[in-house]
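Breakdown of the fold
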Amino acid sequence: MMWDDPMRLALAEAQAALAGDDVPVGAVVVDETGAVIGTGRNTRESHGDPTGHAEVVALRAAAAARGEWRLSGCTLVVTLEPCTMCAGALVLARVDRLVFGAYDDKLGAVGSLWDVVRDRRLNHRPEVLAGVLADESTALLDQFFARHRADSRGS
């Protein structure tokens, strides 16, 4: 399966987060057939929820759609490399594959700073595909942080 189309859906979720005060990260969960069964965007600011990361929101939606917490056979597609919390969540949800766009040198837990998903001590290790539409993901993040830097200088 090509991952550009699901990543474009994740980018649309990230774009929606950009409209608010949340960092523009979007995620989708697709099942074995390629059907989208969960979507999410960052909601930490809008919901005042420290766990409101796009990946967690999408995993919750997918689990609700499936009626179970195990997401075996599913792929999580996200615009930014997951942090430790999100990497741990996707491992615990038994997601088969992670596809992400941009690397996160400051918080990334899929190779940048840590590598949670490939830790041999864990009982589940998903396949990882990185860099899918990374330029588009990075552009959204750059736009967001440029706006926030300008806003903080204007205050």
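Look above for the structure.
The notes below deal with the structure included here. (Residues numbered from 1 in each chain as written. Predicted model: local features only at pLDDT ≥ 70, side-chain atom pairs only at ≥ 80, totals over all residues. Heavy atoms only, no water.)

This next bit is on the sheet that holds strand β2 (residues 36-41). Taking strand neighbours across the sheet as the criterion, the 5 strands line up as β2-β1-β3-β4-β5 in an open arrangement whose pairing is mixed. Each edge of the open sheet is held by one strand with a lone partner, namely β2 and β5 (127-130). Direction aside, neighbouring strands of the sheet carry axes that sit 15° apart on average. Two elements, strand β1 (residues 26-30) and β2, share 5 bridges in a ladder whose sense is antiparallel. Across the sheet, V29 pairs through a bridge with G38, a residue of β2. Contacting β1, β2, β3 (75-80) and β4 (97-102), helix α1 (residues 4-18) runs over the sheet at an angle of about 145° to β1. (Pairing = 2+ DSSP bridges. Helix = DSSP H or I, 4+ residues; strand = E, 2+ residues; numbered from the N terminus. Axes fitted to C-alpha atoms, helices over the stretch in contact; angles between N-to-C directions. Contact = heavy atoms within 4.5 Å.)

Mapped onto the secondary structure, T75 falls in strand β3. Given a relative accessible area of 1%, T75 falls into the buried group. Among the polar contacts listed, one links the side chain of T75 to the side chain of R97, at a separation of 2.8 Å. When residues no more than four places from it in sequence are discounted, the contact partners of T75 are W3, V28, V29, V30, V95, R97 and V99. (Buried < 20%, exposed > 50% of the residue type's maximum accessible area, 1.4 Å probe, protein only. Polar contact = N/O pair within 3.5 Å; in protein donor to acceptor, adjacent residues only side chain to side chain.)

Attention now goes to unusual backbone geometry. The phi dihedral of R94 is positive, around 65°, even though this residue is not glycine. With respect to the secondary-structure elements, R94 resides in the loop between α4 (84-92) and β4. Of note in the backbone geometry, L133 takes a positive phi value of approximately 50° without being a glycine. Turning to its location among the elements, L133 is positioned in the loop between β5 and α5 (134-154). The class for L133 is buried, based on a relative accessible area of 14%.

This part takes up the pattern of salt bridges. Summed over all chains, the structure comprises 6 salt bridges. A salt bridge links R60 to D49, with the shortest nitrogen-to-oxygen separation between them at 3.9 Å. Placement of the pair is R60 in helix α3 (residues 54-66) and D49 in the loop between α2 (44-47) and α3, with a sequence separation of 11 residues. Owing to a relative accessible area of 46%, R60 belongs among the partly exposed residues under this scheme. Given a relative accessible area of 22%, D49 falls into the partly exposed group. (Salt bridge = Lys/Arg side-chain N within 4 Å of Asp/Glu carboxyl O.)

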